[in-house]
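Close look at the chain arrangement
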Amino acid sequence: MSSEKLFSPSLKSWGVPHLIVSALRQLPNKVQISSTTFEIINSVLVRFFILVMGFAATTFITRALSVEDRGKYAILINLVNLLMTFFTLGFHTSIVYRLSKNKLTFSYLYIIAFSISLLSAFVIAIASFLGEANSLFSELSHLDFYVLALGGPIVLFSYFNSFFFLGINNFKNYNIFELVKASIFLVLTSACFAIFSNYQLFVLLFIFSNLVHSLASFIFFLKHKNLHLHKLHLKNNLLKLISIFKKSFGYSMISYVSCSLAMLLSRYSLFFIGSFLEMDSSGAKMLGLYSVALANMDTISILPSTLAFFIFPKISLAESIKSKIKITNQMIGVCILFFIIIGILSFTIAHFLFGLLYGPIYHASVPMFQLLLPSGLFLSIISCISSFIGGIGNQKTMIYAPLSGLLFMIISSLFLIRFEFDVYYFIYAQNMAYFIYLLLYVRFYSIKWKEI
């Protein structure tokens, strides 16, 4: 199978409603939409439904919890996702790359993915037993650490399974399984929010939805003969496994370090405030309000980050730098337009929407959300340029750009603890950190642009 076919699935496979596609195909020739545009529409529609379900689940959880517990929930759920990012070791990128070269390596890659997931549980458990985790996150209870030890490996393995679908070019079932996972979490959350008010429970519901996704994916791969049980015996396939392991991680380390630094930067303020600052009830309330503003910014950012993710194969396939830059510029333009619209809406109807969805107490989250918009815009442009860099071969810029932003954030936070706590100072610092991150990416991008 050619690389073009590998990264250019049919419209049908992306799960776009048939009527929409048919209507668009009836347009006159002069205004026919390109295949790339069709694929963008498909990916956006799928992610939009997932976004809506995730947003609805977050709304139910916010309604069910106190403002203080909402802040604890944010720390715990983001810590689960942070651990997932760290323990991937960049292997998720290798899954797609290796399977595109040789689909017969599926079973061996699956063993490695499962082993990494089990190892993550062991590391978390040891860290909790030795007290290292407690010293870093003193606000978390013993039950929280049990949830982390359970949730980390399950969410990680579910994440790996999603990339196995992408690796075998099965975008249709990738979308279906992601939608089902989001649906399970939403249904369980909506059923429980009026009954329970325990933040750990809602994290466990999220973990359960990932467990169902993992089990269903495993059954699917077995049924469709992607996964062969006779290759799962470690004793008989040890040398083959070691060989694939070395090749996979040699490819993915730059991507891994870059993603880990970017994830740390995106959650640094939340973890620093919640774990290292001693605050009164007023401060805890501000943390809860900030977590809601941050969660909404994450939701808003899903669409532009999805576009950046799906243009990566297009950029990789483009033969010239000029073509790669053209694709990247188009997506940067879309992201800027998107955030202009979001900015207008945030200053017109945001207070109404926050009050309607979360209750009047969360009106105080709106100014925080508005101040986070620059970070959202900067990150969207960064994601597009990151796809460009990946499309021309991973560069060290992918490491020192997020590292520079993270170092600025760390230095800023150490300076800010000398003053009375104000969450707005941390938002200003976060915007500046992302601006530094973006400047370094733009510098690299402009150098490549001048080479045309």
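The preceding data block contains the structure.
Residues numbered from 1 in each chain as written. Predicted model: local features only at pLDDT ≥ 70, side-chain atom pairs only at ≥ 80, totals over all residues. Heavy atoms only, no water.

Turning to the overall build of the chain, a few remarks are in order. Broken down by element type, the chain carries 17 helices and 0 strands. Pairs at least 24 apart in sequence give 84% of the contacts found in the chain among residues at least 6 apart. Accessible surface, the chain as shown: approximately 21200 Å² in total, 69% of it carbon and sulfur. (Helix = DSSP H or I, 4+ residues; strand = E, 2+ residues; numbered from the N terminus. Contact = heavy atoms within 4.5 Å. Areas by Shrake-Rupley, 256 points an atom, 1.4 Å probe, with all protein chains shown as cover.)

To continue, consider the packing of aromatic side chains. The relative placement of two aromatic rings is captured by the distance of their centres and the angle of their planes. Scanning the model with the defined rule gives 25 aromatic pairs in all. A ring pair is formed by Tyr110 and Phe221, whose centres lie 5.9 Å apart and whose planes are at 80°; its orientation type is edge-to-face. You can see Tyr110 sitting in helix H6 (residues 106-130) and its partner Phe221 sitting in helix H10 (residues 199-223), a full 111 residues away along the chain. Residues Tyr110 and Phe221 agree in their burial class; the two are buried. Here the aromatic rings of Phe165 and Phe221 are separated by 4.7 Å at their centres, their planes lie at 45°, and the arrangement is tilted. Linking Phe165 in helix H8 (residues 142-167) with Phe221 in helix H10, this pair joins segments that are 56 residues apart in sequence. Three or more aromatic residues joined by ring pairs form one cluster here, namely Phe106, Tyr110, Phe114, Phe157, Phe164, Phe165, Phe177, Phe218, Phe220 and Phe221. (Phe/Tyr/Trp six-rings, centres within 6.5 Å; stacked < 30°, edge-to-face > 60°. Buried < 20%, exposed > 50% of the residue type's maximum accessible area, 1.4 Å probe, protein only.)

We now examine the environment of Met398. Mapping Met398 onto the fold places it in helix H16 (residues 397-416). Its relative accessible area of 6% is what places Met398 among the buried residues. Met398 sits 140 residues away from Ser258 along the chain, and the two C-alpha atoms are 5.4 Å apart.

Right, let's get into the nonpolar core. Nonpolar side chains in soluble globular proteins generally cluster together in the buried interior. Core analysis: the largest hydrophobic core is formed by 61 residues, its most contacted members being Tyr73, Phe91, Phe164 and Phe221. Taken together, the elements giving at least two residues each to this core come down to helix H3 (35-64), helix H4 (67-87), helix H5 (91-101), H6, H8, helix H9 (171-192), H10 and helix H11 (234-276). Look past the residues within four positions of Tyr73 in its chain and what remains in contact with it is Ile61, Leu65, Phe185, Tyr199, Phe202 and Val203. With 35 residues, the next largest nonpolar core counts Leu261, Tyr268, Ala318 and Ala429 among its residues. (Core = buried A, V, L, I, M, F, W, Y, C linked by side-chain atoms within 4.5 Å.)

This brings us to a nonpolar patch on the surface. A cluster of nonpolar side chains, contributed by Leu337, Ile341, Leu345, Ile349, Phe352, Leu353 and Leu356, occupies part of the molecular surface with about 640 Å² of accessible area. Among the secondary structure elements, those contributing two or more residues to the nonpolar patch are helix H13 (321-346) and helix H14 (350-358). Within the secondary structure layout, Leu345 lies in helix H13. (Patch = residues over 30% accessible without salt bridge, like charges linked within 9 Å, V, L, I, M, F, W, Y side chains within 5 Å. Salt bridge = Lys/Arg side-chain N within 4 Å of Asp/Glu carboxyl O.)

Under the criterion given, the structure shown has 1 salt bridge. Its salt-bridge partner being Lys181, residue Glu178 comes within 3.7 Å of it at the nearest N-O pair. Residue Glu178 and its partner Lys181 are located together in helix H9, separated by 3 residues, close to a single helical turn.

The phi torsion at Lys225 lies on the positive side, around 60°, for a residue other than glycine. Structurally, Lys225 is set in the loop between H10 and H11. Given the relative accessible area of 63%, Lys225 is considered exposed.

So yeah, pure geometry; function would need other evidence.
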